[in-house]
Amino acid sequence: QIVCLPGHKRLKLSAEAIGLTGAAQQEKVGAMIDKFYAAPPAGDVREPLPLARLVFLEEGPEPALLSVTGAERFARLTDDHYTAELFALGQQLDLAGRFAIQARIAAQIAMSRLIRPRDTARFGESLRLAERLVTGS
């Protein structure tokens, strides 16, 4: 089983996104960055939890929820633009180790693409699609 550990990253949202999500606005991220740290309304996760699904957020003209299948599952895992390195049990991985972890995740974890327009009037549509993923309905 693949388990996710609570991270150190804080949620960063624009003022508009804070209003849409109901998050609690905190201090500004930086003088030149038009975002604020935010506390999610549901609170923070504090304990390790099993990884059930990876959802890739994309911008598009119409809200859609699509499965990620085939070789795209592995390819999506190589686009790691938030973290430069993967870690397993506290050990930095070499290329072969990273490949093995990515192959394991690609084989075991469900993956979806959530496509949503950047239109505040349509935020609810995208939110309902995300809710379907979380609730399984």
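Quantities reported herein were computed from a predicted structural model and do not represent experimental measurements.

Each value, and the rule that gives it
Residues numbered from 1 in each chain as written. Predicted model: local features only at pLDDT ≥ 70, side-chain atom pairs only at ≥ 80, totals over all residues. Heavy atoms only, no water. Phe/Tyr/Trp six-rings, centres within 6.5 Å; stacked < 30°, edge-to-face > 60°. Helix = DSSP H or I, 4+ residues; strand = E, 2+ residues; numbered from the N terminus. Buried < 20%, exposed > 50% of the residue type's maximum accessible area, 1.4 Å probe, protein only. Lys NZ or Arg CZ within 6 Å of the ring centre and 35° of its normal. Pairing = 2+ DSSP bridges. Axes fitted to C-alpha atoms, helices over the stretch in contact; angles between N-to-C directions. Contact = heavy atoms within 4.5 Å. Expected span 1.5 Å × (residues − 1). Arc of directions from axis to C-beta.

Colleague: Is there a simple way to think about the packing of aromatic side chains in this case?
Modeller: Two aromatic rings are characterised by how far apart their centres lie and by the angle between their planes. One pass over the full model with this rule turns up 1 aromatic pair. Judged by centre distance (5.0 Å) and plane angle (55°), the rings of Phe 74 and Phe 99 are tilted. With Phe 74 in helix α2 (residues 71-77) and Phe 99 in helix α3 (residues 95-108), the pair connects residues that are 25 residues apart, well separated along the chain. Residue class for Phe 74 comes out partly exposed when judged on its relative accessible area of 23%. Above the face of the Phe 36 ring, Lys 28 is positioned so that its terminal group lies 6.0 Å from the ring centre.

Colleague: Where do I start with the sheet that holds strand β7 (residues 64-67) in this structure?
Modeller: Whether parallel or antiparallel, the strands of a sheet pair through hydrogen bonds between backbone atoms. Here we have 3 strands laid out as an open sheet, ordered β6-β10-β7, and mixed in their pairing. If you trace the sheet from one side to the other, it starts and ends with β6 (53-59) and β7, each paired once. Taking the axes of each pair of neighbouring strands and ignoring which way they run, one obtains an average angle of 25° across the sheet. Here β6 runs beside strand β10 (residues 110-116); their pairing, made up of 7 bridges, is parallel. Looking at the pairing, Glu 58 lines up with Ile 115 of β10. Running over the sheet, helix α4 (residues 123-135) touches β6, β7 and β10 and is turned about 170° from β10.

Colleague: So what exactly am I meant to see when it comes to α4 here?
Modeller: What sets the pattern is the α-helix's 3.6 residues per turn: residues three or four places apart point alike. The end-to-end C-alpha distance of α4, which contains 13 residues, comes to 18 Å, matching closely the 18 Å that a straight helix rising 1.5 Å per residue would cover. Considered for burial, the residues of α4 that qualify are Ser 126, Leu 129 and Leu 133. Buried residues in α4, looked at end-on, bunch into an arc of 60°, giving them a common side. For α4, the exposed residues lying more than 90 degrees away from the buried face are Val 134 and Thr 135.

Coordinates in, geometry out; function isn't part of it.
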